[in-house]
Amino acid sequence: MPSQETRPTLHIPGTAGHEIPPRGSREGTLRYLKAGTGAPLVLLHTVRTQAEHFRSLIPLISDRYTVYALDLPGMGYSEIVPGASYDEPAMRAGVERLLTELDLKDVTLVGESMGAVLALTAAADLPERVRRVVAVNTYDFRGGIARSSLLARLVVSGVLAPGVGPVIAGVEPKPALRKILQGGLGDKAALHEDYVDELLQVGSRPGYPTVARAVYQALPSLIAARSRYPEVKAPIHLVYGEKDWSRPSDRRANKELLPTAGFTQVRGAGHFIALERPDVLADLLNAPA
């Protein structure tokens, strides 16, 4: 569990926090939330968020599944390891640690944004453990979050800039974070103030600005990971918000790459479907397979 100084400000009813200890000096402790009963379902969050991103979805699916919501390496309350990589292979290794250390089998992997890419690549690596993948708004296109608004472009460009980038990454005013996140929503009211406050608390953890900058720098590795998608043997369902940052051409490219995958486009929704339309995801996951 996180220490008293870094205790989450949000609690999802029916969930409990757990940790996976590191196996060596290059790994950090991973934190995850667990809820429900039934077949295992793993939730993987988006860029700049954490397990609480799924606060509205977990109660809708925990009667059918044992839900594991992971804080990806260095994010949320998972340990920040100095010098760690946050490229796709390193983040995928964290997902695979959850599946193997807990010996999860017959798993439904559900990821949003960056988490969607990791769900697909982890499924490619561990076909014997994964029965289904639901990939929501895959974060695998040029520009990424910078497509959401002028403010996001300016902030991301500043964070990535040589020299001043680490300084800018450590400055995160609440109005700016709120505005950037709202750029990923069709319904701006779906972003609640207590969630923004929770993200700001995590952002104040020592070392987190380095993580944030590294995650933005990792976008090329997430784009490159598309080449792994056809390796997935489990059934795949692609979900996109109508107003997602991806362009229609990006979505068509993934549909062509995965011609047998199911496809749902959520009318009016943006990039953060788990925040604004958790009911759509719950209906998809709870439907008989």
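It should be noted that the structure appears before, not after, this text.
Residues numbered from 1 in each chain as written. Predicted model: local features only at pLDDT ≥ 70, side-chain atom pairs only at ≥ 80, totals over all residues. Heavy atoms only, no water.

Draft legend 1. Fine view of the environment of Tyr-68. In this fold, Tyr-68 is placed in strand β4 (residues 65-70). Classification of Tyr-68 as buried rests on a relative accessible area of 9%. Residues Tyr-68 and Met-114, 46 residues apart in the sequence, show an inter-C-alpha distance of 17 Å. Among residues more than four places away in sequence, those in contact with Tyr-68 are Tyr-32, Leu-33, Lys-34, Pro-40, Leu-41, Val-42, Leu-43, Leu-98, Leu-102 and Leu-104. (Helix = DSSP H or I, 4+ residues; strand = E, 2+ residues; numbered from the N terminus. Buried < 20%, exposed > 50% of the residue type's maximum accessible area, 1.4 Å probe, protein only. Contact = heavy atoms within 4.5 Å.)

Draft legend 2. Summary view of the nonpolar core. Formed by 71 residues in total, the largest nonpolar core has its most connected members in Val-42, Leu-44, Leu-109 and Met-114. Here this core gets 9 residues from one element, more than from any other, and that element is helix α3 (residues 114-125). What Val-42 contacts, discounting residues up to four positions off in sequence, is Tyr-68, Leu-98, Leu-99, Leu-104, Val-107, Thr-108, Leu-109 and Val-110. One finds Ile-12, Leu-43, Ile-61 and Tyr-65 within the second-largest nonpolar core, a separate group that totals 26 residues. (Core = buried A, V, L, I, M, F, W, Y, C linked by side-chain atoms within 4.5 Å.)

Draft legend 3. A look at the environment of Arg-213. Along the chain, Arg-213 turns up in helix α8 (residues 208-217). Considered as a pair, Arg-213 and Asp-250 are 37 residues apart in the sequence and their alpha carbons are 24 Å apart. In contact with Arg-213, not counting residues within four places along its chain, are Val-159, Leu-160, Ala-161, Pro-162, Gly-165, Pro-166 and Ala-169.

Draft legend 4. Here's a closer look at the packing of helix α4 (residues 150-160) against α8. Between α4 and α8, whose axes approach to 9 Å, the crossing angle comes to 105 degrees. Viewed along their axes, α4 and α8 adopt a mutual orientation that is roughly perpendicular. Note on element contacts: α8 touches α4 through Arg-213, Tyr-216 and Gln-217, opposite Val-156, Val-159 and Leu-160. Here the residues of the contact of α4 with α8 are counted per class, giving 4 nonpolar, 1 polar and 1 charged. (Axes fitted to C-alpha atoms, helices over the stretch in contact; angles between N-to-C directions. Parallel < 35°, antiparallel > 145°, perpendicular 65-115°, else oblique. Nonpolar A, V, L, I, M, F, W, Y, C, P; charged D, E, K, R; others polar.)

Draft legend 5. The arrangement of helix α10 (residues 248-257) in detail. Buried within α10 are the following residues: Asp-250, Arg-251 and Asn-254. Looking down the long axis of α10, one finds its buried residues gathered within 95 degrees of arc, a one-sided arrangement. Set apart from the buried face of α10 by more than 90 degrees, the exposed residues are Pro-248 and Glu-256. (Arc of directions from axis to C-beta.)

Draft legend 6. Looking closely at the sheet that holds strand β2 (residues 30-36). Pairing in this open sheet of 8 strands is mixed, and the strands run β1-β2-β4-β3-β5-β6-β7-β8 from one edge to the other. A strand with exactly one partner marks an edge of an open sheet, and here the two such strands are β1 (16-20) and β8 (262-266). The sheet shows a mean angle of 20 degrees between the axes of neighbouring strands, direction not considered. As defined by bridge partners, strand β3 (residues 39-44) adjoins strand β5 (residues 107-112) across 4 bridges and the pair is classed as parallel. Each bridged residue has a counterpart across the sheet, and for Leu-44 the counterpart in β5 is Gly-111. Here helix α2 (residues 88-101) sits on the sheet and contacts β1, β2, β3, β4, β5 and β6 (130-136); the angle it forms with β4, its principal contact strand, is near 145 degrees. Relative to β5, α3 is tilted by about 150 degrees, and along the sheet it contacts β3, β5, β6 and β7 (236-241). (Pairing = 2+ DSSP bridges.)

Draft legend 7. Examining the side chain of Ser-78 more closely. Along the chain, Ser-78 falls in the loop between β4 and α2. Owing to a relative accessible area of 0%, Ser-78 belongs among the buried residues under this scheme. The residues contacting Ser-78, other than those within four sequence positions of it, are Thr-29, Leu-30, Arg-31, Asp-71, Leu-72, Pro-73 and Arg-205.

Draft legend 8. The arrangement of the packing of aromatic side chains in detail. A full pass over the atoms with the stated rule returns 4 aromatic pairs. With a centroid separation of 5.8 Å and 40 degrees between ring planes, the pair formed by Tyr-240 and Phe-263 is classed as tilted. Of this pair, Tyr-240 sits in strand β7 while Phe-263 is found in strand β8, placing the two residues 23 residues apart along the sequence. For Tyr-240, a relative accessible area of 2% gives the class buried. With a centroid separation of 5.7 Å and an interplanar angle of 85 degrees, the aromatic rings of Trp-245 and Phe-272 are classed as edge-to-face. Taken together, the residues span a long stretch of sequence, with Trp-245 in the loop between β7 and α10 and Phe-272 in the loop between β8 and α11 (273-276) at a distance of 27 residues. There is no split in this pair, since Trp-245 and Phe-272 are both buried. (Phe/Tyr/Trp six-rings, centres within 6.5 Å; stacked < 30°, edge-to-face > 60°.)

Coordinates in, geometry out; function isn't part of it.
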